[in-house]
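Report on the structure
What follows is each chain in one-letter form.
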Amino acid sequence: MSTRDPLGYYAVLELHHEASEEQIKAAYRRRAMVLHPDRNPGRDTTEQFQALNEAFEALSDSAARAKYDTPAAAPTAPAQPPPEPIKCSACGKVSAQPRVAVYRSVRSFLLVTIRKPISGVFCSECAQKKALKASATTWLLGWWGLPWGPVYSVQALLDNMFGGTHPPLENARLLAYQAYCFHALGRHDIAFAIAEDGLKFCRKIRPTSRQAALVIERDDLDRRLKSFVAQERPNAVRLKNSWKLANRFFAFHAGAMGLVAAAITLAIVNAPLYERTFPKGPMPYSSQALAAGAITAPSASVARQMPPPPVFVRPRTAPNGKPWPMVAGYLNGEPQTRAGGHSEITIDNGQNDSDVFVKLVSLSGNIARPARQIFIPANGKFTIKSIEAGRYDVRYQDLKTGTRSRSDGLTLSETADARGIRYSVMTLTLQRARNGNMAIHDLAEGEF
Ligand SMILES: [Zn+2]
């Protein structure tokens, strides 16, 4: 088909372009007689007959014919399709305020912690959902790796809570294009608002002295955006900022943060046996048991709390002034307090080839005070009985090396129920290598 007969209408009628209306009608009648299906039994001419009718319809109407003839006579450039605004990569909707946004999710497994950025061009609605999902993943899976799981998790959660990252260059490019689209579509008010947003991102692009290409791109974006702003200013509107921080999910992020902070605090406060931090300082220690007279007569035993000589020499006598016993037991004459309960602690020195001097120290009250003082020989063990419920720790001195240590704080409980009295029974294994069943801490002299 020639360019002057793009759909072949003249050819179907076997006519040239200058044919008159009469000629067209005559040609149609002649060809119709030939091609009519009723006149062609055994031969399918339906398609040709339809083409003939279509050609006649187009060429018999003078307006339609003029239109059919025009493109060939005066060819024009095909019309540009309008530009397509950028759509949200999640929901596919066109948004006046899309953003390139990056959120972080963290997953950990033991020693491996993986940080995964979740990025895309999002409408504000989808961005909020992405942020929430990234945070939920982090809440569930981020913590369980050492050492970086908790650190990265907190970073990611805060970052997502405060809207993630909006890289300025990508957003300036995106908004420059979006402004152009809305301008081309005739939405000049929106184009103005978008261009203003884009300029804000443009100002945040800070190339270093080595990024010459970035300087050029930024200046180009800046010029384009400013020209939109200038051109569309008569139509200026301000869009409602759909990216403000106080979105409807902010409370979820903040609430979850608050809950976990509260849970951690509660866990620390209530940790019964394995609390990690021992109350240092806040609880002064007195080597005197809380017994009548003991406080007003500090004399002898305080005098023995002298700085130890550089090389430890085992004292000849126990603090009670008598020789160290041969078997495990309480030191004669030292007061025994907090003795009205049922709980028991067995101190097992079976792993140790040194004799030890042990104090069970009560942490109830403002001053920590020894409740029992016990000698346990190398490889021996001793069970402290009838201990009242309360907070305690165990402090002991290795009588071979002079090393002083204490256990973590521990809580003994005692409750009565229908089946009787329930109380705590514990065993502490003292080991020189300090890998027994308790966390062990060095102890200052004044605290023993
Ligand atoms: Zn969306």
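A brief report on the enclosed structure follows.

Analysis parameters
- Residues numbered from 1 in each chain as written.
- Predicted model: local features only at pLDDT ≥ 70, side-chain atom pairs only at ≥ 80, totals over all residues.
- Heavy atoms only, no water.
- Axes fitted to C-alpha atoms, helices over the stretch in contact; angles between N-to-C directions.
- Helix = DSSP H or I, 4+ residues; strand = E, 2+ residues; numbered from the N terminus.
- Left-handed = near helix turned anticlockwise from the far one by under 90°.
- Contact = heavy atoms within 4.5 Å.
- Nonpolar A, V, L, I, M, F, W, Y, C, P; charged D, E, K, R; others polar.
- Donors = N, O, S within 2.8 Å, 3.2 Å for Na, K, Ca; no water.
- Tetrahedral: all angles 85-135°; square planar, octahedral: opposite > 155°, others 65-115°.
- Buried < 20%, exposed > 50% of the residue type's maximum accessible area, 1.4 Å probe, protein only.
- Parallel < 35°, antiparallel > 145°, perpendicular 65-115°, else oblique.
- Expected span 1.5 Å × (residues − 1).

1. A short note on the packing of helix 7 (residues 168-184) against helix 9 (residues 212-232)
Interaxial distance between helix 7 and helix 9 falls to 10 Å at its minimum, and their mutual angle equals 35 degrees. Viewed along their axes, helix 7 and helix 9 form a crossing whose handedness is left-handed. Taken together, the residues of helix 9 that come into contact with helix 7 (itself represented by L169, A172, R173, L175, A176, A179, Y180 and H183) are L214, E217, L221, R224, L225, F228, Q231 and E232. Split by residue class, the contact of helix 7 with helix 9 holds 10 nonpolar, 2 polar and 4 charged.

2. With respect to the coordination of the zinc ion
Every protein donor of the zinc ion is accounted for by C88 (SG), C91 (SG), C123 (SG) and C126 (SG), and the metal-donor separations fall at 2.2 to 2.3 Å. In this structure, the zinc ion is coordinated by 4 donor atoms arranged in tetrahedral fashion, with angles at the metal of 103 to 117 degrees. Counting gaps between the donor residues of the zinc ion yields the pattern C-x2-C-x31-C-x2-C. Relative accessible area serves as the criterion here: at 4%, C88 is assigned to the buried category.

3. Thoughts on the packing of helix 2 (residues 21-35) against helix 3 (residues 46-60)
One way to put it is that helix 2 packs onto helix 3 with a least axis distance of 10 Å and a crossing angle of 170 degrees. Taken together, the axes of helix 2 and helix 3 are roughly antiparallel relative to one another. For the pair helix 2 and helix 3, the contacting residues are I24, K25, Y28, R31, A32 and L35 in the first and Q48, F49, L52, N53, F56 and L59 in the second. Per-class residue counts for the contact of helix 2 with helix 3 are 8 nonpolar, 2 polar and 2 charged.

4. Notes on helix 7
Here helix 7 contains 17 residues, and its C-alpha end-to-end distance of 24 Å stays within 8% of the 24 Å for a straight helix at 1.5 Å per residue. Within helix 7 the residues assigned to the buried category are L169, N171, A172, L174, L175, A176, Q178, A179, C181 and F182. For helix 7, the secondary structure elements touched by its buried residues are strand 1 (99-109), strand 2 (112-122), helix 8 (188-204) and helix 9. At the exit of helix 7 stands G186, carrying a positive phi of roughly 85 degrees.

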